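Reading the structure
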Amino acid sequence: MARKISMLAPDWWDYTTLEDDILNDAAKLTAEDMASLGREGFKVVFYDTLEDFYLAEALEYIVAWKQATADNPTGICGPIGPTEQLPLVARLVNELNLDLKNAHFWGMDEWYLDGREVPVSHPLSFAKADMELCFNRIDDKLRMPESNIHFPRADASEYIKSWDGARCVVMQGGQGDIKHWAFNDPVNRQGDYKDKPPTPQEYGRLTTRVVDLHPVTVMQNARTSGGGVVTGVPTRAITVGPVQTWQAEKVSIWQAGTHDNPFGMRLTTLMIGRKIADSSVPMSLLAGHPNVQFNFYRPAIGKCEAEMH
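Residues numbered from 1 in each chain as written. Predicted model: local features only at pLDDT ≥ 70, side-chain atom pairs only at ≥ 80, totals over all residues. Heavy atoms only, no water.

For the rest of this paragraph, the subject is the pattern of salt bridges. Overall, the coordinates contain 14 salt bridges when judged by the stated rule. A salt bridge links aspartate 20 to lysine 4, with the nearest nitrogen and oxygen atoms 2.7 Å apart. Note that aspartate 20 is positioned in helix H1 (residues 20–27) and lysine 4 in the segment before H1, a separation of 16 residues in sequence. Overall, the relative accessible area of 44% leaves aspartate 20 in the partly exposed class. Where aspartate 48 meets arginine 298, a salt bridge forms, and the shortest distance between an N and an O atom there is 2.9 Å. One end of the pair, aspartate 48, is in the loop between strand S1 (42–47) and helix H3 (50–66); the other, arginine 298, is in the segment after strand S11 (292–297), and 250 residues separate them in sequence. The exposed category is assigned to aspartate 48, whose relative accessible area is 53%. For arginine 298, a relative accessible area of 36% gives the class partly exposed. Sharing partners across several salt bridges, the network here consists of Arg116, Glu117 and Arg153. (Salt bridge = Lys/Arg side-chain N within 4 Å of Asp/Glu carboxyl O. Helix = DSSP H or I, 4+ residues; strand = E, 2+ residues; numbered from the N terminus. Buried < 20%, exposed > 50% of the residue type's maximum accessible area, 1.4 Å probe, protein only.)

Structure, rendered in structure tokens:
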């Protein structure tokens, strides 16, 4: 049976091309239903306050970095979106007097413009945000060497190689409206993928690379970071790939309700919990990772009911 055409962008794959029964089942889930979808390899956690939510996210950095030794360097891969945890990370490092000389950090992604990664002078630069919100706030005596901070670039070879030099304890992420992690968006409907999206196995072989962004992702970033100026948001980016994601011992996704909506949070929880992997919903491919945790701010779960206001 032919797959549906997207309601959002007809030339792309996305979650609106799924069968209606999956979409309808997701919309019916309660918070308790979502929790019950946890299984071996997939944990669902709720937090009742934003303070607890972002502190728990920040503590994942500390737990990863505390394991680092000269013989066993360890690190974390982290997102821009959310960002509220980043100043907390710096404060915790300083208060705990945590020496980061053997610790590592991988940025998840960066914008791509004019044939290269955007410079840190660009107002939307993710590297700029990481440095200003976290690393520049850490005491000089505790700060990790610059060589241990890895940001993806247009030539991703050095970034890819860095994943073999240290153990990634956890990869954090958020979930966008298009159900991606990092900028692992659904692909265009063209060529081999005109009538069907890549299989999970095909998508899983993708490494860090330059990608074209789904129009929904461009619009979302304009809303969350660009004051709504869609024309100011690049349409391409560099993103950490599934290959590196599977090198991380744990994938931890943080959903406070500011990037995706009640339906989206339910849909990916359902698909991962039931092991329904479809690359039109890239986040669902984490159903194949052995250690995934979804973290929710409980009040953001909301409901999937029509409500005029």
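Our focus in this paragraph is the sheet that holds strand S9 (residues 236–239). For sheets, the rule is that strands pair by backbone hydrogen bonds, running either parallel or antiparallel. Pairing is antiparallel in the open sheet, where four strands are placed in the order S5-S4-S9-S8. One side of each edge strand has no neighbouring strand; the edge strands of this open sheet are strand S5 (116–117) and strand S8 (209–212). Taken together, the four bridges between S8 and S9 define a ladder with antiparallel strand orientation. Residue valine 210 lies in a different strand from S9, and its bridge partner there is isoleucine 238. (Pairing = 2+ DSSP bridges.)

Here seven strands make up an open sheet; going across it, the order is S1-S11-S10-S7-S2-S3-S6 and the pairing parallel. Either end of the sheet is taken by a strand with one partner, and the two such strands are S1 and strand S6 (149–150). Along the sheet, helix H10 (residues 262–273) makes contact with S1, strand S10 (251–255) and S11, crossing S11 at roughly 155°. (Contact = heavy atoms within 4.5 Å. Axes fitted to C-alpha atoms, helices over the stretch in contact; angles between N-to-C directions.)

Looking at helix H5 (residues 126–133), one finds that the buried residues are Phe126, Ala127, Ala129 and Asp130. Angular distribution of buried residues about the axis of H5 spans 160°; they occupy a single face of the element. In this fold, the buried residues of H5 make contact with helix H4 (85–96), strand S3 (103–107) and strand S4 (109–113). For H5, the side-chain oxygen to backbone nitrogen distance between the N-cap and alanine 127 is 3.3 Å, and the N-cap itself is serine 125. (Arc of directions from axis to C-beta. Polar contact = N/O pair within 3.5 Å; in protein donor to acceptor, adjacent residues only side chain to side chain.)

This brings us to the environment of alanine 35. Inspection of the secondary structure puts alanine 35 in helix H2 (residues 31–36). We classify alanine 35 as partly exposed; its relative accessible area is 37%. Along the sequence, alanine 35 and valine 45 sit 10 residues apart, while their C-alpha atoms lie 7.3 Å from each other.

The full count for this structure, using the stated rule, is 18 aromatic pairs. When the ring of phenylalanine 53 is compared with that of tyrosine 54, the centres are 4.9 Å apart and the planes differ by 90°; the resulting orientation is edge-to-face. An identical accessibility class is assigned to phenylalanine 53 and tyrosine 54; each is buried. A network of ring pairs unites the aromatic residues Tyr61, Trp65, Phe105, Phe135 and Phe151 as a single cluster. Lysine 179 extends its terminal NZ or CZ atom over the ring of tyrosine 15, reaching a point 4.4 Å from the ring centre. (Phe/Tyr/Trp six-rings, centres within 6.5 Å; stacked < 30°, edge-to-face > 60°. Lys NZ or Arg CZ within 6 Å of the ring centre and 35° of its normal.)

The next subject is empty space enclosed by the protein. Taken as a whole and judged by the stated rule, the model has one cavity of 30 Å³ or more. Taken as a whole, the largest cavity spans an internal volume of roughly 60 Å³. Tyr54, Pro82, Gln175, Trp254, Gln255, Ala256, Gly257, Thr258, His259, Asp260 and Met265 together form the lining of the largest cavity. Here the residues of the lining of the largest cavity sort into five nonpolar, five polar and one charged. (1 Å grid on protein atoms, 1.4 Å probe; cavity = no way out; pocket = protein on both sides within 12 Å on 5 of 7 lines; lining within 4 Å. Points joined across faces, edges and corners; volume = space filled by probe spheres on them. Nonpolar A, V, L, I, M, F, W, Y, C, P; charged D, E, K, R; others polar.)

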